[in-house]
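Chain and residue survey
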Amino acid sequence: MGSISNVVSGTPTWVWVLLVYLIIRGIKATKTAVIQFWRLLIIPLVFTIWGLAGLLTTLQFTALSAGTWIAAIIIGCYLGSLAARGVAIRANKSRGLIELPGSPFTLVLILAIFAAKYVLGYQLATDPAAAQSSLYVFFDAGISGLVAGLFIGRVWNYYQKYRAVQDTDLATLASARG
């Protein structure tokens, strides 16, 4: 394994930009917030696109990579929905707003995922043949699918609650919180 400074300096800039964005989103998620519902779709979309890009480029689209990714998404959706089950929300449906209580879940999950994907990326950068290994494909596709599924499952659970809760005026709360 190369020195830490070599590993860090060899990392593409877009990876650091993505990490900063994800940390900012994760920190914001630790505080109760009133946001537009559609904004909940950003992180699941980022991780789904990242996973699909990996399937189509790094891992090559094979039965193993696609099957692992799809199975992991299904498992992740279930687990993500379970994780959000006890979360109470409020909604202002006429304005498309949702209030979510703060939680460290998103930040911790983002950091764990980023670390796992970073290690897999490092492995691939130092040993390009690793992408041909069934074990590497299983872990990479599995992590990508599980992560996307976790976030999709949480958003789906929030959507179900959003549709079911009584309409509340959250606009004043949103402007008061800045």
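Refer to the structure presented above.
So, a few notes on the structure that sits alongside this text. Since the model is a prediction, treat every value here as computed from it, not as a measurement.

The next subject is the environment of Ala66. As for its placement among the helices and strands, Ala66 is situated in helix 4 (residues 63-83). Taking the relative accessible area as the measure of exposure, Ala66 reaches 10% and is therefore buried. In the structure, Ala66 is positioned 71 residues away from Val137 in sequence and 9.7 Å away in space, judged by C-alpha atoms.

Adjacent strands of a sheet form backbone hydrogen bonds with each other and so pair up, either parallel or antiparallel. Taken in spatial order, the three strands of this open sheet run 1-3-2, and their pairing is antiparallel. For this open sheet the edge positions go to strand 1 (33-36) and strand 2 (90-92), each flanked by a neighbour on one side alone. Here the strands of the sheet are splayed against their neighbours by 25° on average, with no regard to which way each runs. With four bridges joining them, strand 1 and strand 3 (residues 97-100) adopt antiparallel strand pairing.

Moving on: the side chain of Lys161. Looking at the secondary structure, you find Lys161 in helix 6 (residues 134-164). Of the side chains bearing the opposite charge, Glu99 lies closest to the buried Lys161, which forms no salt bridge; the N-O distance is 12 Å. Contact partners of Lys161, with chain neighbours within four places excluded, come to Ala84, Arg85, Gly86, Val87 and Ile89.

In summary, the side chains of a regular strand alternate between the two faces of the sheet. The two faces of strand 3 match: Leu97 and Glu99 on one face and Ile98 and Leu100 on the other face are all buried. Between the end of strand 2 and the start of strand 3, which pair antiparallel, lie four residues, with Gly96 showing a positive phi angle near 70°.

For the structure shown, the criterion picks out three salt bridges. Measuring nitrogen to oxygen at the nearest pair gives 2.7 Å for the salt bridge that ties Arg90 to Glu99. With relative accessibility at 10%, the residue Glu99 sits in the buried group. The partner of Asp169 in a salt bridge is Arg95, and the shortest N-O contact between them spans 3.8 Å. Within this pair, whereas Asp169 is found in the loop between helix 6 and helix 7 (171-177), its partner Arg95 is found in the loop between strand 2 and strand 3, the two being separated by 74 residues in sequence. The exposure class of Asp169 is partly exposed, given its relative accessible area of 47%.

Of note, Thr106 is situated in helix 5 (residues 105-126). Of the residues examined, Thr106 reaches a relative accessible area of 5% and is grouped as buried. Looking at Thr106, its side chain comes within polar contact range of the side chain of Arg154, at 2.8 Å. Ignoring anything within four residues of it in the chain, the contact list for Thr106 reads Gly26, Ala29, Ile43, Phe151 and Arg154.

Let's shift gears to a nonpolar patch on the surface. A surface patch of nonpolar side chains, amounting to about 440 Å² of accessible area, comprises Ile75, Tyr78, Leu79, Leu82 and Leu146. Along the chain, Tyr78 falls in helix 4.

Time to look at the packing of aromatic side chains. Within a pair of aromatic rings, the relevant descriptors are the distance that separates the centres and the angle that separates the planes. Applying the stated criterion across every chain, the model contains eight aromatic pairs. For the ring pair Phe138 and Phe139, a centre distance of 5.7 Å and an interplane angle of 70° mean the geometry is edge-to-face. Residue classification places Phe138 among the partly exposed positions, given a relative accessible area of 44%. With relative accessibility at 43%, the residue Phe139 sits in the partly exposed group.

This next bit is on helix 4. Taking 1.5 Å as the rise per residue, helix 4 with 21 residues should run 30 Å; its terminal C-alpha atoms sit 29 Å apart, in good agreement. Buried residues of helix 4: Ser65, Ala66, Thr68, Trp69, Ala72, Ile73, Gly76 and Gly80, and no others. Considered in projection along helix 4, the buried side chains sweep an arc of 155° and stay on one side of the axis. Among the exposed residues of helix 4, those pointing more than 90 degrees away from its buried face are Ala63, Ile74 and Tyr78.

What counts and what doesn't
Residues numbered from 1 in each chain as written. Predicted model: local features only at pLDDT ≥ 70, side-chain atom pairs only at ≥ 80, totals over all residues. Heavy atoms only, no water. Helix = DSSP H or I, 4+ residues; strand = E, 2+ residues; numbered from the N terminus. Buried < 20%, exposed > 50% of the residue type's maximum accessible area, 1.4 Å probe, protein only. Pairing = 2+ DSSP bridges. Axes fitted to C-alpha atoms, helices over the stretch in contact; angles between N-to-C directions. Lys, Arg positive; Asp, Glu negative; His and termini not counted. Salt bridge = Lys/Arg side-chain N within 4 Å of Asp/Glu carboxyl O. Contact = heavy atoms within 4.5 Å. Polar contact = N/O pair within 3.5 Å; in protein donor to acceptor, adjacent residues only side chain to side chain. Patch = residues over 30% accessible without salt bridge, like charges linked within 9 Å, V, L, I, M, F, W, Y side chains within 5 Å. Areas by Shrake-Rupley, 256 points an atom, 1.4 Å probe, with all protein chains shown as cover. Phe/Tyr/Trp six-rings, centres within 6.5 Å; stacked < 30°, edge-to-face > 60°. Expected span 1.5 Å × (residues − 1). Arc of directions from axis to C-beta.

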